[in-house]
Amino acid sequence: MANYANPEVLVETDWVKANLGKPGLKLVEIDVDTKAYDAGHVPSAVGFNWQTQLQDQVRRDIIGPDAFEKLVGGAGISPSDIVILYGDNNNWFAAYGFWLFKIYGHNDVRLMNGGRVKWLNEPDKQMTTEVPKPAPVTYKASANHLDLRALIPQVFEAQKGGKWNLVDVRSPDEFTGKVIAPPGMSETAQRGGHIPGAKSIPWSTAVKPDGTFKSADELRSIYLDQKGVDPNKDTIAYCRIGERSSHTWFVLKYLLGIKNVKNYDGSWTEYGNLIAAPIEK
Amino acid sequence: MNHQTRVYDNVFELLPNEQNPSPLVRINRMNPVPEFALYAKLEWMNPFGSVKDRAAWTMLQDLEHRGELGNGRGIVEPTSGNTGISLAAMARARGFHMRAVVPNKVPLEKKVLLKIAGAQLDVVSDELCPAPGLGDGSINIAKTHAKASRDKYAMPNQYENEKNVEAHFQTTGPEIWRQTEGKITHLFVSLGTCGTVTGTSRFLRSKNPNVKVIAVQPTEGHDVPGLRNVTQLGVSKLFDSSLVDDIVEVEFRLAYSRAMELCQTEGLLAGPSSGLIYEGAREIILRDKAGCGVMIFPDNIFKYTSNMMKHIPGLASGNQA
C-alpha cells in the first residue's frame, strides 16, 4: 500500500484477521440489503442496511446527524474507535458508509481492501451467522462536513467547465445514454446521457480482478495521465445513485490525495430527471 | 435393475451411462446437408430432466462417500435451475436437505420446480454493475452459507468441482463413442459450468484426437438460462480452451426460434439452449459439408414457456376465451 496519499484508510484482510477482537476495533458490514450479511459475515461485524439505515426513509437524503448518532451508537461504536467497513458489490456501499462516517467527523474509519468477496474466498478467513449484540453507547458526531457532498448548484457550476473535474463512474453504456440504468434497476431517470464536460471513468477502472485497489502508480497513471483529471482542480464524482461514485471518491480523495473531492449522491437519478438541465450524449 | 424390461429398484438406477445411454436421435427435416449425419442427444430423457443429472449425481455421490453429508448437514448450491432441480430431488430422495441460491433472472417455472423438488429457495439479484473477474452474486451467497454454516451445508460447487468434468468423462463421452460406433467427427455443445464440454471432449479426444469440438455461445446481453458467453466464463474453473476448436456465437434470440422449429418440424421438444446449439451446428455443417455430428441437447422446452412468450410472437396472445 506504499505510496497511497493516505495509506492509513485501507486495511488488508490479513490485518483484519490478525486484529479481530482487539479493544477499540469495530467492524461493520454495509450491504445494499442484509441478505449477504445474514448468510454470513466476518466474526464480530455488525450489519448496516444501505437502503433502510443509511438513507432517510422519508425524503431522499442521507441520514441526518441524529439518526447517524443513533445508528452508530446503537452498534456500540464510540468516536474514539477504529471502524473497519467492508461490504458486498465490491465495497460500493461500504465506501458510501465511509463517506458518511467522514461527513459526521469520525476520526478513524478504514475500508477493508477487496470487501466481503475477498474475505469469503480466502480459506484461512472465518465467517459466522452469529449476530453480535453490542451494548449501545452514546455517540456524538464531531462534525458535519457537508463540503464532502456535491449538491445541484455546484454540479451546475461544474458543468459550465473550466474550474472542476467532473468524473462519471457509470458504465460506458450509461455514459452515452444507450441505457439509462443497468438492467433490472428500479431507480432510473427520464433521460439518458451524461453531465456536459464529464469524463467517463467507470468505477471498476480502480480495481484489480480480485476487487482490491490498483497500486498508487497505476491509479495516478489512469486518472491523472490517461483520463486527464487535473489534481489542482476541485472534483465531483457521480454515478446513478451515489454508491459507485463513493468508491471513486475514496480513490481520488484518499488514495490519490486530491484535495477537494465531492461525492454527488443525487447523481444521475437526480440530474437525469431535471427539467431543462443540459445533457450530453 | 433391468434395462431390457426397464424395471428398477429406485430412480437412481435410471441414471445414464454406457449401458443405459440417453437417446441419440437423427435430425432429418432440419438438416441442411443430408450427407452430414447430425444427431441430437436428448438429455431431457434423464430421470430428473436434464444433462445436469450427470454432474449432480457424481458430485452428490462424492460428498456422500466422503462422509460430508448427514447428521443435519445437507447441501447448498448456486444454480440457474437444472443442477438445482437434479440436486434437490436426488438429495431429498437420499434424505438430505438442499438450499438453492438462484439468480433472479431464472424463469419462474424453474424456481417453482426447485421448490417442488424440495429445495429451499434463495433468490438473489444479479450483479448491479458487472466487474470483470468478479463472481456472480448467487455463487458468493452460496459460498457464504457453506463457509459460515459448515455444520448445515456442504457445497458441491459445480463451477469448480472436477467431479462435474469426471461425470461426463465417465458417461457422456463413452455413450457417444459407443452410440456412433466411433464415427463421431463433430461435437456441438453450449457453455455453462463447462463440465459437459471439458469431460465429454477429453474422453472423445482420447479415442480420436481429430474429433472437432464446437462450443456455441449466445451473443452478449442474452437471457438464455444456464448459458454463458465467453466473457462470462470467469466464474467457471472448468473451461479448458485447448479442447475447443471453434466458438460459434449465435444471436441469442435464435435460441428461441430454433427451439420452436425443432418442436414443430422434428418433433423434438427441445429447450432454448438446444435451439442455440442447433443453430451453431447448422452453420458448421454448411461449412464442413461431411461428417457425423452430435449435439448435446441439455433439456426440453417445458420449463421455458415464459421465456418463449417473451421472444416468439403470438405465443402470449389468444390464450383466453
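Small disclaimer: the values here were computed from a predicted structure and weren't measured.

Conventions used here
Residues numbered from 1 in each chain as written. Chains lettered and ligands numbered in written order. Predicted model: local features only at pLDDT ≥ 70, side-chain atom pairs only at ≥ 80, totals over all residues. Heavy atoms only, no water. Contact = heavy atoms within 4.5 Å. Buried area = accessible area lost by both parts, 1.4 Å probe. Salt bridge = Lys/Arg side-chain N within 4 Å of Asp/Glu carboxyl O. Polar contact = N/O pair within 3.5 Å; in protein donor to acceptor, adjacent residues only side chain to side chain. Helix = DSSP H or I, 4+ residues; strand = E, 2+ residues; numbered from the N terminus. Nonpolar A, V, L, I, M, F, W, Y, C, P; charged D, E, K, R; others polar. pLDDT = per-residue confidence, 0-100. Domains from an automatic or database assignment. Buried < 20%, exposed > 50% of the residue type's maximum accessible area, 1.4 Å probe, protein only. Arc of directions from axis to C-beta. Pairing = 2+ DSSP bridges. Axes fitted to C-alpha atoms, helices over the stretch in contact; angles between N-to-C directions. Expected span 1.5 Å × (residues − 1).

## Some details on the interface of chain B and chain A
Across the boundary between the two partners, chain B contributes 17 residues, which contact 28 residues of chain A. For the pair chain B and chain A, the summed buried surface comes to about 1700 Å²; carbon and sulfur atoms form 63% of the total. Between the two partners, chain B and chain A, sit zero salt bridges. Counting across the chain B and chain A interface gives seven residue pairs in polar contact (both at pLDDT 80 or more). Of all the elements in the fold, those that place two or more residues in the side of chain B that touches chain A are strand S5 (119-124) and helix H4 (137-148) of chain B. Ranked by residue count, the leading element in the side of chain B that touches chain A is H4 of chain B, at seven residues. Here the residues of the side of chain B that touches chain A are counted per class, giving nine nonpolar, five polar and three charged.

## A closer look at the confidence of the model for chain B
Mean pLDDT for chain B: 92, with 95% of residues reaching 70 or above. The low-confidence segment residues 127-135 of chain B, where pLDDT is below 50, has 22 contacts with residues more than four positions distant or belonging to other chains.

## Some thoughts on the domain arrangement of chain B
Residue and element names in this part refer to chain B. For chain B, the assigned domains read domain 1 (11-50 + 162-311) and domain 2 (52-154). Look at where the C-alpha atoms of domain 1 and domain 2 centre, and you get two points 23 Å apart. Taken together, both faces of the contact between domain 1 and domain 2 bury some 2200 Å²; the carbon and sulfur share is 58%. Considering only the side of domain 1, the residues that lose the most area to domain 2 are Phe12, Phe48 and Lys303, jointly responsible for 29% of the buried surface there. Across the pair arginine 54 and glutamate 43 runs a salt bridge, and its minimum N-O distance is 2.7 Å. Inspection of the domain 1/domain 2 interface yields 13 residue pairs in polar contact (both at pLDDT 80 or more). Element by element, the count of residues in the side of domain 1 that touches domain 2 is highest for helix H5 (residues 162-179), at seven residues. Split by residue class, the side of domain 1 that touches domain 2 holds nine nonpolar, 13 polar and seven charged.

## Details of helix H9 (residues 216-226) of chain A
Residue and element names in this part refer to chain A. Listed in full, the buried residues belonging to H9 are Ala216, Leu219, Ile222 and Tyr223. Projected down its long axis, H9 shows its buried positions confined to an angular sector of 140°, all on one face. Structural note: H9 exposes Asp225 and Gln226 on the side pointing more than 90 degrees away from its buried face. Where the residues of H9 are buried, they touch helix H10 (244-255). Immediately downstream of H9, the backbone of glycine 228 shows phi near 75°, a positive value.

## What about the environment of arginine 54 of chain B?
All names here are of chain B. Position of arginine 54 among the secondary structure elements: in helix H1 (residues 52-65). Residues in contact with arginine 54, not counting those within four places in the same chain, are Pro16, Ser22, Lys41, Glu43, Asn46, Ala167, His168, Thr171, Thr172 and Glu175. At 2.7 Å, the side chain of arginine 54 forms a polar contact with the side chain of glutamate 43.

## So, the sheet that holds strand S8 (residues 234-238) of chain A
Residues and elements named next belong to chain A. Here four strands make up an open sheet; going across it, the order is S7-S6-S8-S9 and the pairing parallel. Strand pairing shows two members of the sheet lacking a second neighbour, strand S7 (199-200) and strand S9 (261-264), which therefore form its edges. In terms of strand pairing, S8 meets S9 through four bridges, oriented parallel. Opposite alanine 237, over in S9, you have asparagine 263 as the bridge partner. Across the face of the sheet, H10 comes into contact with strand S6 (164-168), S8 and S9 while running at roughly 180° to S9.

## Here we look at the domain arrangement of chain A
All names here are of chain A. Entries for chain A in the domain assignment read domain 1 (7-146) and domain 2 (149-271). Here the C-alpha centre of domain 2 lies 23 Å away from the C-alpha centre of domain 1. Every contact between the two is made by 20 residues of domain 1 and, on the other side, 23 residues of domain 2. The largest per-residue losses of area from domain 1 upon contact with domain 2 belong to Arg60, Trp92 and Trp99, which jointly make up 32% of the total buried on that side. In this structure, the connection of domain 1 to domain 2 is made through one salt bridge.

## Focus: the side chain of threonine 193 of chain B
Residue and element names in this part refer to chain B. You can see threonine 193 is positioned in the loop between strand S7 (186-190) and helix H6 (195-207). Looking at threonine 193, its side chain comes within polar contact range of the side chain of asparagine 164, at 2.9 Å. Within the structure, the side chain of threonine 193 is placed 3.2 Å from the backbone nitrogen of glycine 195, a separation counted as a polar contact. Non-local contacts of threonine 193, meaning those with residues more than four positions away in its chain, are made with Lys52, Gln158, Tyr159, Asn164, Ser236 and Leu238.

## What to know about helix H7 (residues 253-266) of chain B
All names here are of chain B. Its 14 residues give H7 an end-to-end C-alpha distance of 20 Å, which sits within 8% of 20 Å, the value for a rise of 1.5 Å per residue. What H7 keeps buried is the set Ala255, Tyr256, Arg258, Ala259, Met260, Leu262, Cys263 and Glu266. For H7, the elements touching its buried residues are strand S1 (24-26), helix H8 (272-288), strand S10 (291-297) and helix H9 (305-311).

## Section: the pattern of salt bridges
Residues and elements named next belong to chain A. Taken as a whole and judged by the stated rule, the model has 40 salt bridges over all chains. Here lysine 140 makes a salt bridge to glutamate 69, at a shortest N to O gap of 3.8 Å. On the criterion of sequence distance, the pair formed by lysine 140 in the loop between helix H6 (115-121) and helix H7 (152-159) and glutamate 69 in helix H4 (residues 65-74) is long-range, its members being 71 residues apart. Owing to a relative accessible area of 14%, glutamate 69 belongs among the buried residues under this scheme. Close ionic contact of arginine 244 with glutamate 174 constitutes a salt bridge, the shortest N to O distance being 3.0 Å. Here arginine 244 is found in helix H10, whereas its partner glutamate 174 is found in helix H8 (residues 172-176), with 70 residues between them in sequence. On the accessibility criterion, arginine 244 (1% relative accessible area) is buried. Members of the salt-bridge network, linked through shared partners, are Asp14, Lys17, Lys118, Glu122, Asp124 and Lys125.

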